[in-house]
Amino acid sequence: QGVVFSTRDVGREEAWSTDFDLYFAAADGATSPKCLTDDNEAWATSPVFSPDGKTLAYLAMQRPRYESDRFRIVLQDWPSGAKRMLTTDWDRSPSAICWSPDGKAIYATATNLGQRSLFSIDAQTGQARTVVKSGSVHAIAASGDRIVYALSHLTSAAELYSVASDGSGVKKLTDINAKRVAAARTGDSEQFTFRGWNNEIVYGYVVKPADFDPARKYPVAFLIHGGPQGSFGNSFHYRWNPQAYAGAGYAAVMVDFHGSTGYGQAFCDSIRGDWGGKPLEDLQKGLAAALKRYPWLDGDRVGALGASFGGFMINWIAGNWPDRTLVTDSQRIE
């Protein structure tokens, strides 16, 4: 009888507003769309109906004008309109959701410690369970007792897979990119951790050069992600892909500094008003940790690259870290 959609209708405040609302529009167009989320001045998006049509699930932020707030899953009875926040205590921010065919669970993707994982959320309790942890899950759909999803990682573009709802029986369904991937010069990747700002654990990745020889020293492409509340994780990026540098003989190092997504909302929020502080300290300590951990990285040949916030940070480094002095917890290394 109608369609639910998300849009922003804020007049001249559009440039800074995050007040996306859900609306219901009758299929016959006889009446004006009705706003379903007037009670929330923050972002509401991704509406999906349960299989029986009795519950509308959607994603909602709580803080107006803050585009990096955590999305929570909200359930709304249909058509009564009564609402219940399902994922109050789950410290991840889902980006895509769909219902299980029996309506007992909601499947969700969310950045998660350098991955974009697939989760199953109990529709009654809100308890989250990991179904697929590693790689970057880009899209999801449920059929029977299985979930179909697109998955990429640092060494492969996206392909379709399926998995049982309990995480077992993973099957690869497509191999569309096999020839192109086989023809590309790529390097293996490894995730590492170190102590960053405030001695807190920070995650990073290193991607080895193609045709890696541990006896050699390799120049470093130090990639800095945008956002700044974003992530350089286990994903096949179509613009800032570390394999482009690995294929050219560089090692790539990427640090998910404070402010990055997937490490809890407090970690993400920590750099509000401090773009040049905690991120720079994490980048300094992260590069130092990588050079110490991987002796085949050439610390005398390091180039930093980035766009958006990454470009901001490149300029910030030029003024605040011009000699690239490496800051560690206990010493300064020229």
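Residues numbered from 1 in each chain as written. Predicted model: local features only at pLDDT ≥ 70, side-chain atom pairs only at ≥ 80, totals over all residues. Heavy atoms only, no water.

1. Digging into the packing of helix α4 (residues 278-293) against helix α5 (residues 309-320)
At step 1: The interhelical angle for the contact between α4 and α5, taken along N-to-C directions, is 75°, at an axis separation of 11 Å. The angle between α4 and α5 falls in the class roughly perpendicular. Contacts between α4 and α5 involve Pro279, Leu280 and Leu283 from the former and Phe309, Met313, Trp316, Ile317 and Asn320 from the latter.
At step 2: When grouped by side-chain class, the residues that make up the contact of α4 with α5 number 7 nonpolar, 1 polar and no charged. (Axes fitted to C-alpha atoms, helices over the stretch in contact; angles between N-to-C directions. Helix = DSSP H or I, 4+ residues; strand = E, 2+ residues; numbered from the N terminus. Parallel < 35°, antiparallel > 145°, perpendicular 65-115°, else oblique. Contact = heavy atoms within 4.5 Å. Nonpolar A, V, L, I, M, F, W, Y, C, P; charged D, E, K, R; others polar.)

2. Description of the layout of surface pockets
At step 1: Counted as a void, the largest pocket has a volume near 900 Å³.
At step 2: Broken down by secondary-structure element, the contributors of at least two residues to the lining of the largest pocket are β8 (94-99), β10 (115-122), β12 (136-143) and α3 (265-269).
At step 3: Classifying every residue of the lining of the largest pocket gives 16 nonpolar, 24 polar and 8 charged. (1 Å grid on protein atoms, 1.4 Å probe; cavity = no way out; pocket = protein on both sides within 12 Å on 5 of 7 lines; lining within 4 Å. Points joined across faces, edges and corners; volume = space filled by probe spheres on them.)

3. A word on the nonpolar core
At step 1: Of all hydrophobic cores here, the largest spans 26 residues; its most connected members are Val253 and Leu297.
At step 2: Considering each element in turn, this core owes the most residues, 5 residues, to α4.
At step 3: Among residues more than four places away in sequence, those in contact with leucine 297 are Lys217, Tyr218, Val220, Ala251, Val253, Ala290 and Leu291.
At step 4: Formed by 17 residues, the second largest nonpolar core is a distinct cluster that contains Ile73, Leu86, Ile97 and Trp99. (Core = buried A, V, L, I, M, F, W, Y, C linked by side-chain atoms within 4.5 Å. Buried < 20%, exposed > 50% of the residue type's maximum accessible area, 1.4 Å probe, protein only.)

4. Describing the sheet that holds strand β1 (residues 2-8)
At step 1: Strand order in the open sheet formed by 3 strands is β1-β2-β3, with antiparallel pairing between adjacent strands. One side of each edge strand has no neighbouring strand; the edge strands of this open sheet are β1 and β3 (34-35).
At step 2: Looking at chain direction, strand β2 (residues 20-26) and β3 are connected through 2 bridges and run antiparallel. Across the sheet, tyrosine 23 pairs through a bridge with cysteine 35, a residue of β3. (Pairing = 2+ DSSP bridges.)

5. A word on the side chain of arginine 72
At step 1: You can see arginine 72 is positioned in strand β6 (residues 72-77).
At step 2: With no salt bridge to any partner, buried arginine 72 finds its closest opposite charge in aspartate 69, at an N-O distance of 4.2 Å.
At step 3: Polar contacts involving the side chain of arginine 72 include one to the side chain of glutamine 62, which spans 3.4 Å.
At step 4: Of note is the side chain of arginine 72, whose polar atom sits 3.1 Å from the backbone oxygen of arginine 70.
At step 5: The contact partners of arginine 72, leaving out residues within four places of it in the chain, are Tyr58, Leu59, Ala60, Gln62, Met85 and Thr87. (Lys, Arg positive; Asp, Glu negative; His and termini not counted. Salt bridge = Lys/Arg side-chain N within 4 Å of Asp/Glu carboxyl O. Polar contact = N/O pair within 3.5 Å; in protein donor to acceptor, adjacent residues only side chain to side chain.)

6. Comments concerning the sheet that holds strand β20 (residues 297-306)
Pairing between the strands of a sheet is mediated by backbone hydrogen bonds and can be parallel or antiparallel.
At step 1: The strand order across the open sheet built from 5 strands is β16-β17-β19-β18-β20, with neighbouring strands paired in mixed fashion. Each edge of the open sheet is held by one strand with a lone partner, namely β16 (189-195) and β20. The mean angle between the axes of side-by-side strands here comes to 25°, regardless of whether they run parallel or antiparallel.
At step 2: Pairing geometry for β16 and strand β17 (residues 201-207), over 7 bridges, is antiparallel. Within the sheet, the bridge partner assigned to serine 189 lies in β17 and is valine 207.
At step 3: Where α4 meets the sheet, it contacts β16, β17, β18 (218-224), β19 (251-256) and β20, and its direction lies at approximately 120° from that of β16.
At step 4: Against the sheet, α5 engages β18 and β20, with an angle of about 130° to β20.

7. Observations concerning the pairing of β17
Working note: regular strand, side chains alternate between the two faces of the sheet.
At step 1: Taking burial as the measure, the 7 residues of β17 include 5 buried ones, the bulk of the element.
At step 2: Where β16 folds back onto β17 in an antiparallel hairpin, the turn is made up of 5 residues, including asparagine 198, whose phi is positive at roughly 60°.
At step 3: With 5 bridges joining them, β17 and β19 adopt antiparallel strand pairing. Within the sheet, the bridge partner assigned to tyrosine 203 lies in β19 and is aspartate 256.

8. Points about the side chain of glutamate 159
At step 1: For glutamate 159, the position within the fold is in strand β14 (residues 156-164).
At step 2: Buried and unpaired, glutamate 159 has no salt bridge, with lysine 172 as the nearest side chain of opposite charge at 5.2 Å.
At step 3: Among the polar contacts made by the side chain of glutamate 159, one reaches the main-chain amide nitrogen of isoleucine 176 at a distance of 2.9 Å.
At step 4: Beyond its immediate sequence surroundings of up to four residues, glutamate 159 is in contact with Tyr149, Ala150, Leu151, Lys172, Thr174, Asp175, Ile176, Asn177 and Ala178.

9. Brief notes about the environment of proline 51
At step 1: Looking at where proline 51 falls in the secondary structure, it is placed in the loop between β4 (44-49) and β5 (55-60).
At step 2: Separated by 254 residues in sequence, proline 51 and leucine 305 have C-alpha atoms that sit 46 Å apart.
At step 3: Those residues in contact with proline 51 that sit more than four places away from it in its chain are Trp99, Ser100, Pro101 and Gly103.

10. Some points on α5
At step 1: The end-to-end C-alpha distance of α5 is 16 Å, a good match for the 16 Å that 12 residues give at a rise of 1.5 Å each.
At step 2: Those residues of α5 not exposed but buried are Phe309, Gly310, Gly311, Met313 and Ile317.
At step 3: Among the structural elements, β18, α4 and β20 are those in contact with the buried residues of α5. (Expected span 1.5 Å × (residues − 1).)

11. What about the confidence of the model for the protein?
At step 1: Scored by pLDDT, the protein comes out at a mean of 95, with 97% of its residues at no less than 70.
At step 2: Within the model, the stretch residues 326-334 combines pLDDT values under 50 with 21 contacts to residues more than four positions away or in other chains. (pLDDT = per-residue confidence, 0-100.)

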